[in-house]
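Results of the structural survey
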Amino acid sequence: MSTDLVRVRTGVYHDSVSLMRVSQAVTGLPGVEVAVVAMATELNRGIAAELGFDLPEAGPADLLIAIRSGGPAALEAAAAELDRLLAGLAGRTGGGTAAEHPPRTVRTAARGRAATLALVSVPGEHAFAEAMDAIEAGLSVMIFSDNVPVEQEVLLKRRAAERGVLVMGPDCGTAVIAGAGLGFANVLRPGPVGLVAASGTGAQQVSCLLDLAGVGVGHVLGVGGRDLSAEVGGLSTLRALEALDADPATELIVLISKPPAPEVARTVREAVAKLETPVVTALLGPGQDDLTAAAENALRALGVAVPTWRSWPAPPPPDDRPRAGGRGTGGAGAGRTGTDAEGAGGSGGGTRAGTLRGVYSGGTLCAEARLIAGTGEFTDFGDDAYTRGRAHPMIDPALRLEALAEVPPGDVVLLDVVLGHGADPDPSARLAPGIAAAVARGVPVVVALVGSEGDPQGLNAQAEAVRAAGAAVFTSNAQAARHAAGLLASAR
(Lines give C-alpha, C1' and ligand atoms only; values in the text may rest on other atoms or scores of the structure.)
Protein backbone atom coordinates (compact mmCIF):
# COMPACT_ATOMS: atom_id res chain seq x y z
CA MET A 1 0.00 0.00 0.00
CA SER A 2 1.36 3.43 -0.96
CA THR A 3 2.28 6.00 1.67
CA ASP A 4 2.22 9.76 1.09
CA LEU A 5 4.29 12.56 2.57
CA VAL A 6 3.07 16.12 2.01
CA ARG A 7 4.80 19.17 3.48
CA VAL A 8 4.79 22.92 2.90
CA ARG A 9 7.81 25.05 3.78
CA THR A 10 6.73 28.65 4.06
CA GLY A 11 8.85 31.40 2.57
CA VAL A 12 11.49 29.08 1.09
CA TYR A 13 12.31 29.77 -2.57
CA HIS A 14 14.48 27.86 -5.06
CA ASP A 15 14.49 28.24 -8.83
CA SER A 16 12.41 25.86 -10.91
CA VAL A 17 15.33 24.14 -12.63
CA SER A 18 16.98 23.24 -9.32
CA LEU A 19 13.71 21.92 -7.91
CA MET A 20 13.00 19.87 -11.03
CA ARG A 21 16.37 18.19 -10.55
CA VAL A 22 15.54 17.47 -6.92
CA SER A 23 12.16 16.01 -7.94
CA GLN A 24 13.86 13.80 -10.51
CA ALA A 25 16.47 12.62 -8.01
CA VAL A 26 13.88 11.76 -5.35
CA THR A 27 11.59 10.03 -7.87
CA GLY A 28 14.50 7.79 -8.84
CA LEU A 29 15.05 6.52 -5.30
CA PRO A 30 14.15 2.88 -4.47
CA GLY A 31 10.50 2.50 -3.55
CA VAL A 32 9.48 6.03 -4.59
CA GLU A 33 6.55 6.14 -7.01
CA VAL A 34 6.41 9.89 -7.61
CA ALA A 35 7.79 13.09 -6.11
CA VAL A 36 6.75 16.70 -6.62
CA VAL A 37 9.16 19.26 -5.17
CA ALA A 38 8.18 22.67 -6.49
CA MET A 39 7.04 26.14 -5.60
CA ALA A 40 3.35 26.00 -4.71
CA THR A 41 2.12 27.88 -7.76
CA GLU A 42 -1.37 27.19 -9.06
CA LEU A 43 0.08 25.05 -11.84
CA ASN A 44 2.26 22.94 -9.53
CA ARG A 45 -0.55 22.53 -6.99
CA GLY A 46 -2.77 21.34 -9.81
CA ILE A 47 -0.20 18.75 -10.90
CA ALA A 48 0.12 17.43 -7.35
CA ALA A 49 -3.66 17.30 -6.94
CA GLU A 50 -4.03 15.36 -10.20
CA LEU A 51 -1.57 12.83 -8.78
CA GLY A 52 -3.93 12.30 -5.87
CA PHE A 53 -2.10 14.17 -3.11
CA ASP A 54 -4.19 15.80 -0.35
CA LEU A 55 -2.75 19.30 -0.22
CA PRO A 56 -2.80 21.89 2.58
CA GLU A 57 -3.12 25.61 1.92
CA ALA A 58 0.00 27.10 0.30
CA GLY A 59 0.95 30.01 -1.93
CA PRO A 60 3.46 30.59 -4.74
CA ALA A 61 6.10 31.79 -2.23
CA ASP A 62 5.95 28.44 -0.41
CA LEU A 63 7.82 25.22 -1.19
CA LEU A 64 5.54 22.23 -1.82
CA ILE A 65 6.82 18.71 -1.12
CA ALA A 66 4.71 15.70 -2.09
CA ILE A 67 6.21 12.19 -2.14
CA ARG A 68 4.50 8.82 -2.62
CA SER A 69 6.33 5.59 -1.87
CA GLY A 70 5.64 1.91 -1.47
CA GLY A 71 5.99 1.94 2.30
CA PRO A 72 7.12 3.84 5.40
CA ALA A 73 10.77 2.76 5.20
CA ALA A 74 11.19 3.96 1.62
CA LEU A 75 9.35 7.18 2.47
CA GLU A 76 11.63 7.87 5.43
CA ALA A 77 14.72 7.31 3.29
CA ALA A 78 13.33 9.57 0.57
CA ALA A 79 12.57 12.31 3.08
CA ALA A 80 16.11 12.13 4.44
CA GLU A 81 17.61 12.35 0.94
CA LEU A 82 15.28 15.23 0.10
CA ASP A 83 16.45 17.15 3.15
CA ARG A 84 20.06 16.58 2.10
CA LEU A 85 19.39 17.82 -1.44
CA LEU A 86 17.51 20.90 -0.27
CA ALA A 87 20.23 21.68 2.23
CA GLY A 88 22.67 21.63 -0.65
CA LEU A 89 20.54 24.13 -2.55
CA ALA A 90 20.30 26.36 0.51
CA GLY A 91 24.06 26.24 0.97
CA ARG A 92 24.59 27.27 -2.65
CA THR A 93 22.01 30.05 -2.80
CA GLY A 94 21.82 31.25 0.78
CA GLY A 95 18.28 29.86 1.08
CA GLY A 96 17.10 33.02 2.78
CA THR A 97 18.95 32.20 5.99
CA ALA A 98 21.91 34.54 5.71
CA ALA A 99 22.42 37.04 8.53
CA GLU A 100 22.24 39.98 6.17
CA HIS A 101 18.91 40.71 4.49
CA PRO A 102 19.01 39.47 0.89
CA PRO A 103 17.87 41.89 -1.84
CA ARG A 104 14.20 41.57 -2.79
CA THR A 105 14.41 42.90 -6.36
CA VAL A 106 16.81 42.66 -9.27
CA ARG A 107 17.45 46.40 -9.13
CA THR A 108 18.43 46.35 -5.48
CA ALA A 109 20.63 43.29 -6.09
CA ALA A 110 22.44 45.13 -8.90
CA ARG A 111 22.87 48.34 -6.93
CA GLY A 112 26.47 48.88 -5.88
CA ARG A 113 27.72 45.90 -7.88
CA ALA A 114 29.51 45.77 -11.23
CA ALA A 115 26.71 43.64 -12.66
CA THR A 116 25.93 43.64 -16.38
CA LEU A 117 23.65 40.61 -16.75
CA ALA A 118 20.67 39.10 -14.92
CA LEU A 119 19.42 35.54 -15.41
CA VAL A 120 15.68 35.05 -14.89
CA SER A 121 14.47 31.52 -14.13
CA VAL A 122 11.01 31.77 -12.60
CA PRO A 123 7.59 30.47 -13.72
CA GLY A 124 6.67 32.10 -17.01
CA GLU A 125 3.82 34.15 -15.61
CA HIS A 126 6.28 35.96 -13.29
CA ALA A 127 9.17 36.39 -15.74
CA PHE A 128 8.03 39.67 -17.30
CA ALA A 129 8.22 41.68 -14.07
CA GLU A 130 11.66 40.35 -13.13
CA ALA A 131 13.07 40.86 -16.63
CA MET A 132 11.71 44.39 -16.88
CA ASP A 133 13.22 45.16 -13.47
CA ALA A 134 16.61 44.02 -14.79
CA ILE A 135 16.27 46.13 -17.94
CA GLU A 136 15.37 49.22 -15.94
CA ALA A 137 18.48 48.59 -13.84
CA GLY A 138 20.54 48.81 -17.04
CA LEU A 139 21.22 45.07 -17.21
CA SER A 140 21.07 42.72 -20.12
CA VAL A 141 18.90 39.76 -19.23
CA MET A 142 18.78 36.07 -20.08
CA ILE A 143 15.22 34.76 -19.66
CA PHE A 144 15.48 31.02 -19.13
CA SER A 145 11.75 30.88 -18.35
CA ASP A 146 9.34 29.63 -20.99
CA ASN A 147 5.59 30.14 -21.40
CA VAL A 148 6.03 33.93 -21.58
CA PRO A 149 3.37 35.60 -23.80
CA VAL A 150 4.77 36.97 -27.04
CA GLU A 151 3.26 40.41 -26.33
CA GLN A 152 5.39 40.63 -23.18
CA GLU A 153 8.47 39.52 -25.12
CA VAL A 154 8.00 42.35 -27.60
CA LEU A 155 7.59 44.92 -24.82
CA LEU A 156 10.75 43.71 -23.08
CA LYS A 157 12.83 43.79 -26.23
CA ARG A 158 11.64 47.22 -27.28
CA ARG A 159 12.46 48.64 -23.85
CA ALA A 160 15.84 46.89 -23.93
CA ALA A 161 16.62 48.58 -27.24
CA GLU A 162 15.81 51.95 -25.67
CA ARG A 163 18.09 51.17 -22.72
CA GLY A 164 20.92 49.83 -24.89
CA VAL A 165 20.86 46.33 -23.39
CA LEU A 166 20.12 42.86 -24.76
CA VAL A 167 17.28 40.45 -23.97
CA MET A 168 18.19 36.80 -24.49
CA GLY A 169 14.98 34.79 -24.57
CA PRO A 170 12.34 34.10 -23.36
CA ASP A 171 12.95 30.36 -23.42
CA CYS A 172 16.66 30.97 -23.88
CA GLY A 173 18.14 27.68 -22.77
CA THR A 174 21.75 28.28 -23.79
CA ALA A 175 24.18 31.18 -23.63
CA VAL A 176 27.92 31.69 -23.35
CA ILE A 177 29.24 35.08 -22.27
CA ALA A 178 33.00 35.55 -22.56
CA GLY A 179 33.46 31.80 -22.16
CA ALA A 180 31.10 31.40 -19.19
CA GLY A 181 28.20 29.04 -19.90
CA LEU A 182 24.67 29.78 -18.73
CA GLY A 183 21.69 27.41 -18.75
CA PHE A 184 22.30 24.27 -20.80
CA ALA A 185 25.93 24.89 -21.71
CA ASN A 186 28.62 22.72 -23.25
CA VAL A 187 32.26 22.94 -22.21
CA LEU A 188 33.84 24.81 -25.11
CA ARG A 189 37.38 25.93 -25.77
CA PRO A 190 37.70 29.73 -26.02
CA GLY A 191 38.07 31.16 -29.48
CA PRO A 192 37.19 33.72 -32.14
CA VAL A 193 33.66 32.66 -33.09
CA GLY A 194 30.52 34.37 -31.80
CA LEU A 195 27.08 32.82 -32.26
CA VAL A 196 23.70 34.55 -32.44
CA ALA A 197 21.05 31.89 -32.05
CA ALA A 198 17.26 31.85 -32.07
CA SER A 199 17.76 28.29 -30.93
CA GLY A 200 19.38 26.65 -27.94
CA THR A 201 20.16 23.20 -29.31
CA GLY A 202 21.02 24.64 -32.71
CA ALA A 203 23.68 26.77 -31.03
CA GLN A 204 24.90 23.74 -29.11
CA GLN A 205 25.15 21.66 -32.30
CA VAL A 206 27.18 24.25 -34.19
CA SER A 207 29.43 25.21 -31.27
CA CYS A 208 30.13 21.56 -30.44
CA LEU A 209 31.02 20.73 -34.03
CA LEU A 210 33.37 23.71 -34.08
CA ASP A 211 34.89 22.53 -30.81
CA LEU A 212 35.36 19.00 -32.18
CA ALA A 213 37.18 20.58 -35.13
CA GLY A 214 39.49 22.48 -32.76
CA VAL A 215 37.87 25.92 -33.10
CA GLY A 216 36.80 27.83 -30.00
CA VAL A 217 33.75 29.96 -29.26
CA GLY A 218 33.82 33.17 -27.24
CA HIS A 219 30.13 34.07 -27.07
CA VAL A 220 26.78 32.40 -27.70
CA LEU A 221 23.99 34.96 -27.56
CA GLY A 222 20.67 33.16 -27.49
CA VAL A 223 17.74 35.36 -28.48
CA GLY A 224 14.76 33.05 -27.99
CA GLY A 225 13.04 30.83 -30.51
CA ARG A 226 10.41 33.42 -31.47
CA ASP A 227 12.80 36.31 -32.08
CA LEU A 228 12.77 35.94 -35.86
CA SER A 229 9.00 35.54 -35.98
CA ALA A 230 6.84 38.22 -37.60
CA GLU A 231 5.53 39.26 -34.17
CA VAL A 232 8.95 39.94 -32.64
CA GLY A 233 10.74 41.05 -35.79
CA GLY A 234 14.28 40.00 -34.88
CA LEU A 235 14.69 42.71 -32.22
CA SER A 236 17.27 40.83 -30.17
CA THR A 237 18.95 39.27 -33.19
CA LEU A 238 19.75 42.69 -34.63
CA ARG A 239 21.04 43.92 -31.27
CA ALA A 240 23.19 40.79 -30.73
CA LEU A 241 24.73 41.08 -34.21
CA GLU A 242 25.70 44.67 -33.46
CA ALA A 243 27.25 43.65 -30.13
CA LEU A 244 29.40 40.90 -31.65
CA ASP A 245 30.40 43.12 -34.55
CA ALA A 246 31.73 45.64 -32.03
CA ASP A 247 33.71 42.97 -30.14
CA PRO A 248 37.35 43.01 -31.32
CA ALA A 249 37.86 39.40 -30.20
CA THR A 250 35.10 38.09 -32.48
CA GLU A 251 36.51 37.24 -35.91
CA LEU A 252 33.48 35.41 -37.28
CA ILE A 253 29.76 35.44 -36.46
CA VAL A 254 27.45 32.47 -37.02
CA LEU A 255 23.72 33.23 -37.14
CA ILE A 256 21.38 30.32 -36.38
CA SER A 257 17.60 30.10 -36.41
CA LYS A 258 14.66 27.84 -36.95
CA PRO A 259 12.75 28.83 -40.10
CA PRO A 260 12.30 32.61 -39.77
CA ALA A 261 9.46 34.77 -41.09
CA PRO A 262 10.43 35.74 -44.66
CA GLU A 263 10.18 39.48 -44.06
CA VAL A 264 12.29 39.21 -40.89
CA ALA A 265 14.88 37.09 -42.69
CA ARG A 266 15.20 39.85 -45.30
CA THR A 267 15.68 42.49 -42.61
CA VAL A 268 18.34 40.43 -40.87
CA ARG A 269 20.20 39.72 -44.11
CA GLU A 270 20.23 43.43 -44.89
CA ALA A 271 21.70 44.10 -41.44
CA VAL A 272 24.31 41.37 -41.90
CA ALA A 273 25.46 42.93 -45.16
CA LYS A 274 26.37 46.13 -43.29
CA LEU A 275 28.55 44.46 -40.62
CA GLU A 276 32.34 44.53 -40.73
CA THR A 277 32.66 41.06 -39.18
CA PRO A 278 32.05 38.14 -41.59
CA VAL A 279 28.82 36.25 -40.93
CA VAL A 280 27.87 32.65 -41.72
CA THR A 281 24.12 32.10 -41.68
CA ALA A 282 22.10 29.00 -40.91
CA LEU A 283 18.47 30.10 -41.26
CA LEU A 284 16.90 26.68 -41.55
CA GLY A 285 14.42 26.14 -44.34
CA PRO A 286 13.98 24.34 -47.66
CA GLY A 287 17.07 24.79 -49.80
CA GLN A 288 19.06 26.40 -46.98
CA ASP A 289 22.21 25.13 -45.29
CA ASP A 290 21.72 22.76 -42.38
CA LEU A 291 23.57 23.21 -39.09
CA THR A 292 26.43 20.90 -40.01
CA ALA A 293 26.95 22.69 -43.30
CA ALA A 294 26.96 26.01 -41.43
CA ALA A 295 29.65 24.72 -39.08
CA GLU A 296 31.69 23.56 -42.07
CA ASN A 297 31.25 26.93 -43.78
CA ALA A 298 32.50 28.61 -40.61
CA LEU A 299 35.57 26.39 -40.56
CA ARG A 300 36.34 27.20 -44.18
CA ALA A 301 35.91 30.91 -43.50
CA LEU A 302 38.54 30.59 -40.76
CA GLY A 303 40.86 28.54 -42.97
CA VAL A 304 40.41 25.37 -40.91
CA ALA A 305 40.11 21.95 -42.53
CA VAL A 306 36.70 20.28 -42.24
CA PRO A 307 37.08 16.97 -40.38
CA THR A 308 35.12 13.76 -40.76
CA TRP A 309 32.46 14.11 -38.08
CA ARG A 310 32.61 11.34 -35.53
CA SER A 311 30.09 8.53 -35.64
CA TRP A 312 29.63 5.10 -34.10
CA PRO A 313 27.87 2.47 -36.27
CA ALA A 314 25.15 0.35 -34.74
CA PRO A 315 26.28 -3.14 -33.75
CA PRO A 316 25.10 -5.88 -36.11
CA PRO A 317 21.76 -7.45 -35.13
CA PRO A 318 21.61 -11.04 -33.89
CA ASP A 319 21.43 -13.60 -36.67
CA ASP A 320 17.84 -14.48 -35.78
CA ARG A 321 16.53 -10.90 -36.20
CA PRO A 322 15.69 -9.56 -39.71
CA ARG A 323 17.52 -6.53 -40.95
CA ALA A 324 16.24 -3.29 -42.43
CA GLY A 325 18.47 -2.22 -45.30
CA GLY A 326 21.93 -3.49 -46.03
CA ARG A 327 24.37 -0.85 -47.24
CA GLY A 328 26.68 -0.55 -44.26
CA THR A 329 26.61 2.01 -41.47
CA GLY A 330 28.43 5.04 -42.84
CA GLY A 331 26.82 8.45 -42.29
CA ALA A 332 26.01 10.92 -45.00
CA GLY A 333 28.10 14.04 -45.47
CA ALA A 334 26.75 17.43 -44.48
CA GLY A 335 25.03 19.64 -47.00
CA ARG A 336 21.84 21.53 -47.67
CA THR A 337 18.57 20.44 -46.15
CA GLY A 338 16.44 18.10 -48.23
CA THR A 339 15.54 14.43 -48.58
CA ASP A 340 18.87 13.08 -49.76
CA ALA A 341 19.79 9.90 -47.90
CA GLU A 342 23.01 9.18 -49.75
CA GLY A 343 25.44 7.16 -47.67
CA ALA A 344 22.89 6.11 -45.04
CA GLY A 345 23.30 2.51 -44.06
CA GLY A 346 21.46 -0.38 -42.45
CA SER A 347 21.18 -1.51 -38.88
CA GLY A 348 18.91 -3.83 -36.98
CA GLY A 349 15.20 -3.44 -37.67
CA GLY A 350 11.89 -4.88 -38.82
CA THR A 351 10.83 -6.26 -42.18
CA ARG A 352 8.19 -3.71 -43.21
CA ALA A 353 8.64 -0.19 -44.53
CA GLY A 354 7.36 1.94 -41.68
CA THR A 355 7.47 5.52 -40.41
CA LEU A 356 10.41 7.64 -39.33
CA ARG A 357 9.65 8.93 -35.83
CA GLY A 358 11.64 11.87 -34.49
CA VAL A 359 11.65 11.89 -30.69
CA TYR A 360 13.50 15.11 -29.87
CA SER A 361 14.39 17.27 -26.88
CA GLY A 362 15.73 20.14 -29.04
CA GLY A 363 13.33 22.19 -31.15
CA THR A 364 15.81 23.30 -33.80
CA LEU A 365 17.36 19.85 -34.05
CA CYS A 366 13.85 18.48 -34.53
CA ALA A 367 13.05 21.06 -37.23
CA GLU A 368 16.34 20.37 -39.01
CA ALA A 369 15.80 16.61 -38.99
CA ARG A 370 12.26 17.00 -40.31
CA LEU A 371 13.51 19.17 -43.18
CA ILE A 372 16.29 16.76 -44.08
CA ALA A 373 14.24 13.57 -43.84
CA GLY A 374 11.30 15.00 -45.76
CA THR A 375 9.03 12.39 -44.22
CA GLY A 376 7.97 11.05 -40.86
CA GLU A 377 6.36 12.13 -37.62
CA PHE A 378 8.46 14.44 -35.43
CA THR A 379 7.81 15.65 -31.89
CA ASP A 380 9.74 18.32 -30.02
CA PHE A 381 9.28 17.30 -26.38
CA GLY A 382 11.05 20.50 -25.34
CA ASP A 383 8.13 22.57 -26.64
CA ASP A 384 6.21 24.66 -24.09
CA ALA A 385 3.25 22.30 -24.39
CA TYR A 386 5.32 19.48 -22.88
CA THR A 387 7.32 21.39 -20.26
CA ARG A 388 4.57 23.04 -18.22
CA GLY A 389 5.12 21.81 -14.69
CA ARG A 390 7.78 19.27 -15.61
CA ALA A 391 11.50 19.21 -16.26
CA HIS A 392 12.85 19.81 -19.76
CA PRO A 393 13.47 16.52 -21.62
CA MET A 394 17.21 17.24 -21.60
CA ILE A 395 16.90 16.76 -17.83
CA ASP A 396 14.09 14.19 -17.60
CA PRO A 397 13.57 11.78 -20.56
CA ALA A 398 10.37 10.23 -19.16
CA LEU A 399 8.03 11.43 -21.94
CA ARG A 400 10.48 10.45 -24.65
CA LEU A 401 10.92 7.00 -23.14
CA GLU A 402 7.13 6.56 -23.14
CA ALA A 403 7.02 7.56 -26.80
CA LEU A 404 9.91 5.21 -27.65
CA ALA A 405 8.13 2.30 -25.95
CA GLU A 406 5.08 2.79 -28.20
CA VAL A 407 6.92 2.67 -31.56
CA PRO A 408 5.85 -0.43 -33.51
CA PRO A 409 8.27 -2.82 -35.21
CA GLY A 410 9.44 -1.66 -38.61
CA ASP A 411 9.39 2.04 -37.79
CA VAL A 412 12.68 3.90 -37.34
CA VAL A 413 13.39 6.18 -34.37
CA LEU A 414 15.61 9.26 -34.55
CA LEU A 415 16.39 11.02 -31.28
CA ASP A 416 18.84 13.53 -29.88
CA VAL A 417 21.01 13.27 -26.77
CA VAL A 418 22.35 16.66 -25.69
CA LEU A 419 25.26 16.85 -23.24
CA GLY A 420 26.70 19.67 -21.18
CA HIS A 421 26.15 21.43 -17.87
CA GLY A 422 22.49 21.60 -16.89
CA ALA A 423 21.54 18.46 -18.85
CA ASP A 424 21.06 14.97 -17.46
CA PRO A 425 24.38 13.98 -15.83
CA ASP A 426 24.19 10.51 -17.40
CA PRO A 427 21.51 10.39 -20.13
CA SER A 428 22.55 7.01 -21.47
CA ALA A 429 21.79 5.36 -18.12
CA ARG A 430 18.07 5.99 -18.62
CA LEU A 431 17.88 5.96 -22.41
CA ALA A 432 19.91 2.81 -23.12
CA PRO A 433 17.34 0.30 -21.71
CA GLY A 434 14.57 1.90 -23.79
CA ILE A 435 16.76 1.86 -26.89
CA ALA A 436 17.70 -1.77 -26.33
CA ALA A 437 14.03 -2.75 -25.92
CA ALA A 438 13.10 -0.92 -29.13
CA VAL A 439 15.90 -2.53 -31.13
CA ALA A 440 14.98 -5.95 -29.75
CA ARG A 441 11.43 -5.66 -31.14
CA GLY A 442 12.62 -4.56 -34.58
CA VAL A 443 12.89 -0.77 -34.30
CA PRO A 444 16.17 0.70 -35.58
CA VAL A 445 17.33 3.63 -33.44
CA VAL A 446 19.56 6.49 -34.61
CA VAL A 447 21.00 8.97 -32.12
CA ALA A 448 22.25 12.50 -32.76
CA LEU A 449 24.74 13.05 -29.92
CA VAL A 450 25.40 16.76 -29.35
CA GLY A 451 28.37 17.41 -27.08
CA SER A 452 31.99 18.36 -26.75
CA GLU A 453 35.01 16.40 -25.59
CA GLY A 454 35.04 18.44 -22.37
CA ASP A 455 31.44 17.85 -21.33
CA PRO A 456 31.05 16.28 -17.89
CA GLN A 457 28.99 13.32 -19.16
CA GLY A 458 31.85 12.15 -21.40
CA LEU A 459 31.18 12.22 -25.15
CA ASN A 460 32.82 8.85 -25.84
CA ALA A 461 31.26 7.14 -22.84
CA GLN A 462 27.75 8.27 -23.80
CA ALA A 463 28.26 7.27 -27.43
CA GLU A 464 29.50 3.81 -26.51
CA ALA A 465 26.67 3.25 -24.03
CA VAL A 466 23.86 4.00 -26.49
CA ARG A 467 25.70 2.16 -29.26
CA ALA A 468 25.97 -0.91 -27.02
CA ALA A 469 22.18 -0.70 -26.63
CA GLY A 470 21.88 -1.03 -30.42
CA ALA A 471 21.79 2.53 -31.75
CA ALA A 472 23.78 4.16 -34.53
CA VAL A 473 25.32 7.38 -33.20
CA PHE A 474 26.32 10.59 -35.00
CA THR A 475 27.76 13.85 -33.71
CA SER A 476 26.05 15.55 -36.66
CA ASN A 477 22.26 15.77 -36.41
CA ALA A 478 22.08 16.26 -40.19
CA GLN A 479 24.01 13.05 -40.80
CA ALA A 480 21.84 11.22 -38.26
CA ALA A 481 18.69 12.36 -40.07
CA ARG A 482 20.00 11.23 -43.47
CA HIS A 483 21.03 7.91 -41.99
CA ALA A 484 17.60 7.34 -40.45
CA ALA A 485 15.82 8.28 -43.67
CA GLY A 486 18.11 5.90 -45.54
CA LEU A 487 17.11 3.01 -43.30
CA LEU A 488 13.49 3.44 -44.34
CA ALA A 489 14.40 3.84 -48.00
CA SER A 490 16.49 0.67 -48.02
CA ALA A 491 13.67 -1.32 -46.37
CA ARG A 492 11.17 -0.48 -49.11
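Every chain is numbered independently, its residues counted from 1 as its sequence is written. Side-chain atom pairs in this predicted model are given and counted only at pLDDT of 80 or more, local residue features only at pLDDT of at least 70, and totals for whole chains, interfaces and linings cover all residues. Computation of side-chain values covers all heavy atoms of the structure but excludes hydrogens and water.

**Points about the side chain of Arg-400**
In plain terms, the rule: Strands here mean DSSP runs of E at least two residues long; helices mean DSSP runs of H or I at least four residues long; both are numbered from the N terminus. Partly exposed describes any residue whose relative accessible area lies between the buried limit of under 20% and the exposed limit of over 50%, with all areas from a 1.4 Å probe on protein chains only and scaled to the type maximum. Note on contacts: a residue pair is in contact if any heavy atoms of the two residues lie within 4.5 Å.
With respect to the helices, strands and loops of the structure, Arg-400 is situated in helix H13 (residues 398-405). Arg-400 gets classed as buried once you look at its relative accessible area, which sits at 5%. Filtering out sequence-adjacent residues up to four positions away, Arg-400 remains in contact with Val-359, Tyr-360, Ser-361, Phe-381, Pro-393, Leu-415, Asp-416 and Leu-431.

**Let's talk about the packing of aromatic side chains**
Inclusion rule: Here the aromatic set is Phe, Tyr and Trp, taking the six-membered ring for Trp, and pairing holds for ring centres within 6.5 Å; pairs whose planes are under 30 degrees apart are stacked, those over 60 apart are edge-to-face, and all others are tilted.
A complete count under the given rule lists 2 aromatic pairs for this structure. Measuring from ring centre to ring centre gives 5.0 Å for Phe-381 and Tyr-386, while their planes differ by 50 degrees; the resulting arrangement is tilted. Taking the relative accessible area as the measure of exposure, Phe-381 reaches 9% and is therefore buried. Among the residues examined, Tyr-386 registers a relative accessible area of 33% and is labelled partly exposed.

**A short note on the environment of Ala-373**
Looking at the secondary structure, you find Ala-373 in helix H11 (residues 363-373). Classification of Ala-373 as buried rests on a relative accessible area of 5%.

**A word on the pairing of strand E17 (residues 377-380)**
Taken residue by residue, a regular strand's side chains alternate between the two faces of the sheet. Our working definition: By the convention used here, strands pair only if DSSP detects at least 2 bridges between them. Look down the strands so they point away from you; if going from the first strand over the helix to the second traces a clockwise path, that crossover is right-handed.
Burial of the side chains of E17 is restricted to one face: Phe-378 and Asp-380 are buried, whereas none of Glu-377 and Thr-379 on the reverse face is. As paired strands, strand E16 (residues 356-360) and E17 are joined by 4 bridges and run parallel to one another. Each residue of the ladder has a partner; that of Gly-358, found in E17, is Phe-378. For the crossover that starts at E16, traverses H11 and ends in the parallel E17, the hand is right-handed.

**Concerning the packing of helix H8 (residues 235-245) against helix H9 (residues 262-273)**
Definition in use: Only C-alpha atoms enter the line fits that serve as axes; for helices the fit covers just the stretch in contact. Angles between N-to-C directions range over 0 to 180 degrees. To sort the angles, those under 35 degrees are grouped as roughly parallel, those over 145 as roughly antiparallel, those from 65 to 115 as roughly perpendicular, and the leftovers as oblique. For this classification, the nonpolar set comprises Ala, Val, Leu, Ile, Met, Phe, Trp, Tyr, Cys and Pro, the charged set comprises Asp, Glu, Lys and Arg, and every other residue, Gly included, is treated as polar.
Between H8 and H9, whose axes approach to 10 Å, the crossing angle comes to 10 degrees. When the interaxial angle is binned, H8 and H9 end up roughly parallel. Of H9, the residues touching H8 (which contributes Thr-237, Leu-238 and Leu-241) are Thr-267, Val-268, Ala-271 and Val-272. The residue inventory of the contact of H8 with H9, partitioned by class, reads 5 nonpolar, 2 polar and no charged.

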